[in-house]
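If you want the building blocks of each chain, they are given just below.
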Amino acid sequence: MPSVHSPALRTPRSSIRSLPAAVVVVVLAVVATAAAVVVADLLRGAAPPSPAEAATGAVLLAAGVLHHEIALGVDRLRRRTPGVHHVDLNSVWTFAVAILLPPVAASAVVVGLYLYLHLRTRRPLRAPVHRHVYSTATIVLAVHAAAAVIALPGFGRLGSFALPVAVAAGLLAYTAVNTGLVLGVVALAGPGVRVLRVPGTGHEMALELATLCLGALAAGMLASSTPFVLLLVIPPILVLHRTMPLRDLEEQADTDAKTGLLNAAGWHTRAGRALDAVARERGTAGLLVLDLDMFKTVNDRHGHLAGDEVLGAIARTLRAEVRGHDLVGRFGGEEFVVLLPRLSGSADHAEVRRIADRIRRRVGEVRVEVSGPHGPRTIEAVTVSVGGAVFPHDGDGLTALVETADSALYAAKRAGRDTVRTGAHGFGPRGPRRPRS
């Protein structure tokens, strides 16, 4: 499950007034809706929590606080780490309150827990107030949705399966509401953000699912035993916390710092696995090698910092022009590589050329505004030459495909740059290697 600490939502903006108007409207609307839902519960004459319910809420709140204090060091490390998704493992407690408590009492526990978490987080890691309030509101609405689904009378017809089916349905409702509200804000906050990437990797989604399942187990344990049994839930949660930095380090080791793309080693590893899967399925794939034309002139005219901004803009363009499962990497310097697995069964050089030419045109449209001693200035379009290859036509392995695409790239350079060439045939001898300027 994404949270308001996901990379896509980390911006330098510190005030809600600096956000786009549409985002402000959504944030205020969601917060107001959460407050209205709680007020509606009160106006309907919801009974105050019984002593047993109040004790349950207090125990879950205390467990959440204890969990946070024990895991505080790991959590601070993750918040300091740029470019990683922050999976909110506190859902183990908030989902438990959705199962065990009436909505008003559950909302009180959620607000109390998230207020504590906000105040306990040290600056400068503490999220802006509007972001924290929005996160709390999404959890309140998710808790209400889960509780409403679990209480549906239709589950009673399932007999002994009623409880597990109701809890599973509540889990889905909780996830759908919270994820949908976060992704909605992401979509409005930045049109260039790939919304479907915000939930993070499959590992992170599995981690959130495991946390919610632990929440269901915690609720069952608390309902059938003494409060001290919740202590048995904390060790598995801490193990999950400990696994996250390892995953983050793996991600960072495979990531190019300047562009956020895969680096050469990371791309080779993942592309090899993807190509093996394509081979097992007897499918086809495309591979592109791209090299920016005359990029040295950008560094000479505008400086290397400006050149880095251009590389970042090109990287974002490449990511926006391919599918979510395509692999984009930076080979070093101004050279990029893209693996296009699972193309159509009849994929050929013409299809790969169409994709490459679309990317070439989009790169040519990129403009980057950079600051300098004489004020801001705009760096004009940077052109790119592209070489392509098709699996299995141009090679039965990753190395062969890269070599073929690399050869085609040199042909594109010799043809005058800002063009596309694919395949190993029809271009004549490659000739001596020379700088790709």
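Before any of the text, the structure's been laid out above.
Okay, the overall build of the protein chain next. Within the protein chain one finds 14 helices and seven strands. Burial analysis of the protein chain (437 residues in total) assigns 47% to the buried set. Put simply, 72% of the contacts in the protein chain that link residues at least 6 apart link residues at least 24 apart. Put simply, the protein chain shows about 20,800 Å² of open surface, and 63% of that area lies on carbon and sulfur atoms.

Turning our attention to the sheet that holds strand β7 (residues 420–422). In spatial order, the strands read β2-β3-β1-β6-β7; together these five strands make up an open sheet with mixed pairing. With partners counted over all chains shown, the strands left at the sheet margins are β2 (327–332) and β7, one partner each. Across the sheet, the mean angle from the axis of one strand to that of its neighbour is 20°, orientation sign disregarded. Relative to strand β3 (residues 335–340), strand β1 (residues 285–292) runs antiparallel, the two sharing six bridges. If you follow Leu287 over to β3, its bridge partner there is Leu339.

This brings us to the packing of aromatic side chains. For any pair of aromatic rings, the description rests on two quantities: the centre-to-centre distance and the angle between the ring planes. Going through the model one piece at a time under the given rule, you end up with two aromatic pairs. Ring geometry for Phe95 versus Tyr174: centroids 5.7 Å apart, planes at 75°, classification edge-to-face. On the criterion of sequence distance, the pair formed by Phe95 in helix α4 (residues 91–100) and Tyr174 in helix α7 (residues 162–189) is long-range, its members being 79 residues apart. Both residues of the pair, Phe95 and Tyr174, belong to the buried class. Seen from their ring centres, Trp267 and Phe331 are 5.5 Å apart, and the 80° between their planes marks the pair as edge-to-face. In this pair, Trp267 sits in helix α10 (residues 264–280) while Phe331 sits in strand β2, placing the two residues 64 residues apart along the sequence.

Criteria and cut-off values
- Residues numbered from 1 in each chain as written.
- Predicted model: local features only at pLDDT ≥ 70, side-chain atom pairs only at ≥ 80, totals over all residues.
- Heavy atoms only, no water.
- Helix = DSSP H or I, 4+ residues; strand = E, 2+ residues; numbered from the N terminus.
- Buried < 20%, exposed > 50% of the residue type's maximum accessible area, 1.4 Å probe, protein only.
- Contact = heavy atoms within 4.5 Å.
- Areas by Shrake-Rupley, 256 points an atom, 1.4 Å probe, with all protein chains shown as cover.
- Pairing = 2+ DSSP bridges.
- Axes fitted to C-alpha atoms, helices over the stretch in contact; angles between N-to-C directions.
- Phe/Tyr/Trp six-rings, centres within 6.5 Å; stacked < 30°, edge-to-face > 60°.

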